[in-house]
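# Architecture and fold: a report
One letter stands for each residue in the lines below.
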Protein chains: 2
Amino acid sequence: MSLLVTGSIGIDTVKTPHGVSENCLGGSAIYFSMAASFFSPVRFVGVVGADCPFDLNEIFAGRNVDLTGLEIRQQSKTFRWAGSYHANMDDRTTDHMELNVLAEAPPKVPEQFRDSRFVFLANTAPALQIELLEQVKKPAFVAADTMNCWITDHLGDLKTLLERIDCLIINEDEARMLAGEHNLIRAAQNILDMGTALVIIKKGESGSLMCSADGQIFVLPAFPASEVIDPTGAGDSYAGGFMGYLAQSGRTDFETLKTAVAYGTVTASFTIADFSLNGLTGTSRVEIDKRIERLRAVTAF
Amino acid sequence: MSLLVTGSIGIDTVKTPHGVSENCLGGSAIYFSMAASFFSPVRFVGVVGADCPFDLNEIFAGRNVDLTGLEIRQQSKTFRWAGSYHANMDDRTTDHMELNVLAEAPPKVPEQFRDSRFVFLANTAPALQIELLEQVKKPAFVAADTMNCWITDHLGDLKTLLERIDCLIINEDEARMLAGEHNLIRAAQNILDMGTALVIIKKGESGSLMCSADGQIFVLPAFPASEVIDPTGAGDSYAGGFMGYLAQSGRTDFETLKTAVAYGTVTASFTIADFSLNGLTGTSRVEIDKRIERLRAVTAF
């Protein structure tokens, strides 16, 4: 089924203990689309300025990503982010950020994308996520991401959003902040009580947790990785693998959702193994499926 | 098969956000034995002073724990520990500790325990763990625990111990410290390189990880718990469920070890649900087996 993503396109500079990647392609919609395209065609909505040095048509060539929703604003500048990961690879510091075009009006969802059935609203102001979602006629399954600043400063909008989506995909620290509860099982329940039917809490190297409003739970470790080069984009790749698999299968029953979580987990494991998009562009659906079998083997008892 | 444990018996005072439990029974050998006894007879070796207010014969009545190795020293005082858990239930502060009898010579392994096939050496000075192990004639599978102070101050003894045991069961922070490596997969490999054939890294609410020297890996989330009352003894209960299941099955192939990790995980989930031993004494093998099926259901995909 059709899969729409709205999110950022960024010029990233990333420092990790393994090296530096300067002015490389990043952004939530980019990682999501590359990840999801292993499973399903992707409809891309995002905006850059005239300074964007990347040719997205070339980058996504042969990958089944429809860039009709890519808007290039001649008077604007592209979103830039620079960050440094600490030695533990868990924590990071934002060294520099220019919202640029992301601080302007969001792009429009093209007419031919408005019948999309699966929708991922990558992290941005919840009011903008709502505005983007309202342009889609009758989505079957909508997932969204959010982050600490929206929880702190735009909680009302975020709660309105939660009543309109099917699934929130969120980091553990942000889940605790949103829920006001340290225990993650109870935090998940508190978030479900805000109106979404499903919540997925990402725990980095400790895997993820999915809880549904009808009381179902799924917990999965991360794919065991002995080498983490650059965690940037892991969360959006996880969401891409998850939503891509759902759109491919066309189902959202809990068994399918569990397999989708496993695909999200495995897809993210490729992202973190190299800088920028290199981990994703260097793999294939066959390799992803091999890791799914490996993940099943190392977690089954 | 026969299962021997050597470890501490303590008078604990525990504060958590849920309340205070003063002068309750604790200690590694106590938690381990109560947990392991659901699976296998346990041979107990430990020492208390004359001040010990607990009748262990009564506490373990009907539980298949052989207390022949319990030594009561009339001139000594029992080990005491007081600790406070922080609001997140992950971190704790030691408020007070008296080693007392634990600072003296260790107890002897009784003659009739020296043919034990499965042995767990709970946390103490590695030189004492070696001394205790040398009293066992021909063990089939030996596991040990350790902690930060031995890694820092007695690393030589600890490395000697690692060459003599089959399995180290260790917390993630201590694994990182011992291995000098943050990534847990690589940390596990570094520890295996020190001579033990198997390492299990416990990650609290994020589950655990088992790696073998022949390259096998198993990762398992914790049992999803919405209520953690008192984490004291969780690690020793995990070890008890793990070793108890191995002793019961009499096997140590990797498939059996994986199931044993699951039993350790589930047994610990009962411990943390109440103060002191109440979580363990209030359950049964039938309830443990039900949680094994539940854990399988919430982790399989």
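What you see is a predicted model; the values in this text were computed from it and never measured.

## Topic: the pattern of salt bridges
Residues and elements named next belong to chain A. Counting across every chain of the model gives 30 salt bridges over all chains. We note a salt bridge from K77 to E98, for which the minimum N-O separation is 3.8 Å. You can see K77 sitting in the loop between β5 (65-73) and β6 (79-85) and its partner E98 sitting in strand β7 (residues 92-98), a full 21 residues away along the chain. Given a relative accessible area of 46%, K77 falls into the partly exposed group.

## Some thoughts on the sheet that holds strand β11 (residues 198-202) of chain A
Sheet strands pair by backbone hydrogen bonding; their relative direction is either parallel or antiparallel. Residues and elements named next belong to chain A. Here we have nine strands laid out as an open sheet, ordered β5-β4-β1-β8-β9-β10-β11-β12-β13, and mixed in their pairing. On the outer flanks of this sheet lie β5 and β13 (217-220), each paired with one strand and no other. Averaged over all pairs of adjacent strands, the angle between their axes in this sheet comes to 15°, without regard to strand direction. Sheet topology note: the strand β8 (residues 118-121)/strand β9 (residues 141-145) ladder contains four bridges and is parallel. Among the inter-strand pairings, F120 is bridged to a residue of β9, identified as A143.

## Looking at the environment of F38 of chain B
Residues and elements named next belong to chain B. Looking at the secondary structure, you find F38 in the loop between α1 (28-36) and β4 (42-49). Considered as a pair, F38 and P224 are 186 residues apart in the sequence and their alpha carbons are 21 Å apart. In contact with F38, other than residues within four places in its own chain, are R63, L280, T283, S284, R285 and I288.

## Description of helix α6 (residues 172-179) of chain B
Residue and element names in this part refer to chain B. Across the eight residues of α6, six count as buried, placing the element largely inside the fold. Along α6, the residues classified as buried are E172, E174, A175, R176, L178 and A179. On the buried face of α6, the contacting elements are α4 (148-153), α5 (155-162), β10 (167-171), α7 (184-192) and β11 (198-202). At the exit of α6 stands G180, carrying a positive phi of roughly 65°.

## Description of the nonpolar core
All names here are of chain B. Counting residues in each nonpolar core, the largest one holds 94 residues, and the members touching the most others are F141, F242 and M243. Tallying contributions element by element places helix α9 (residues 254-271) first for this core, with nine residues. Apart from the residues within four sequence positions on either side, M243 is in contact with L3, F32, F118, V119, F120, F141 and A143.

## Focus: the relation of the copies chain A and chain B
Once chain A is rotated about the relating axis by 180° and shifted along it by 0.0 Å, it coincides with chain B to within an RMSD of 0.0 Å. Overall, the copies show the geometry of a two-fold rotation axis. A shared binding surface is used by both copies, with 100% of the interface residues of chain A retained as interface residues in chain B.

## Considerations on the sheet that holds β7 of chain A
All names here are of chain A. The strand order across the open sheet built from four strands is β3-β2-β6-β7, with neighbouring strands paired in mixed fashion. Both outer strands of the open sheet, β3 (19-26) and β7, are each paired with one neighbouring strand and no more. When strand polarity is set aside, the average angle formed by the axes of neighbouring strands in this sheet is 15°. Pairing of strand β2 (residues 10-16) with β3, which is carried by six bridges, proceeds in the antiparallel orientation. Residue pairing across strands places V14 opposite S21, the latter belonging to β3.

## Details of the pairing of strand β13 (residues 217-220) of chain B
Neither face of β13 of chain B is open: one carries I217 and V219 of chain B, the other F218 and L220 of chain B, and all of them are buried. Connecting strand β12 (residues 208-212) of chain B to the antiparallel partner β13 of chain B that follows it, the hairpin turn spans four residues, and G215 of chain B within it adopts a positive phi of roughly 90°.

## Some thoughts on unusual backbone geometry
Residue and element names in this part refer to chain B. Look at N100: it is not a glycine, yet its phi comes out positive at around 50°. Its location among the elements puts N100 in the loop between β7 (92-98) and β8 (118-121). The exposure class assigned to N100 is partly exposed, which follows from its relative accessible area of 22%. Phi angles above zero are rare outside glycine, and S276 is one such case at about 50°.

## Looking at the interface of chain A and chain B
For an interface, size is often stated in terms of accessible area lost upon the parts coming together. Listed by partner, the interface residues are 34 residues for chain A and 34 residues for chain B. Buried surface at the junction of chain A and chain B, both sides included, amounts to about 2,800 Å², of which 53% is carbon and sulfur. Taken together, the connections running from chain A to chain B amount to four salt bridges. Taken together, chain A and chain B are joined by 21 residue pairs in polar contact (both at pLDDT 80 or more).

## Let's talk about the packing of helix α3 (residues 126-133) of chain B against α5 of chain B
Think of two packed helices as two axes; the pair is described by the angle between the axes and how far apart they sit. All names here are of chain B. It is the contact of α3 with α5, at a shortest axis distance of 8 Å, that shows an interaxial angle of 30°. Here α3 and α5 pass one another in a crossing that is left-handed. Contacts from P126, A127, Q129 and I130 of α3 reach α5 at D157, L158, T160 and L161. By residue class, the composition of the contact of α3 with α5 is five nonpolar, two polar and one charged.

Conventions and cut-offs
Residues numbered from 1 in each chain as written. Chains lettered and ligands numbered in written order. Predicted model: local features only at pLDDT ≥ 70, side-chain atom pairs only at ≥ 80, totals over all residues. Heavy atoms only, no water. Salt bridge = Lys/Arg side-chain N within 4 Å of Asp/Glu carboxyl O. Helix = DSSP H or I, 4+ residues; strand = E, 2+ residues; numbered from the N terminus. Buried < 20%, exposed > 50% of the residue type's maximum accessible area, 1.4 Å probe, protein only. Pairing = 2+ DSSP bridges. Axes fitted to C-alpha atoms, helices over the stretch in contact; angles between N-to-C directions. Contact = heavy atoms within 4.5 Å. Core = buried A, V, L, I, M, F, W, Y, C linked by side-chain atoms within 4.5 Å. Least-squares fit on C-alpha atoms with pLDDT ≥ 70 in both. Buried area = accessible area lost by both parts, 1.4 Å probe. Polar contact = N/O pair within 3.5 Å; in protein donor to acceptor, adjacent residues only side chain to side chain. Left-handed = near helix turned anticlockwise from the far one by under 90°. Nonpolar A, V, L, I, M, F, W, Y, C, P; charged D, E, K, R; others polar.

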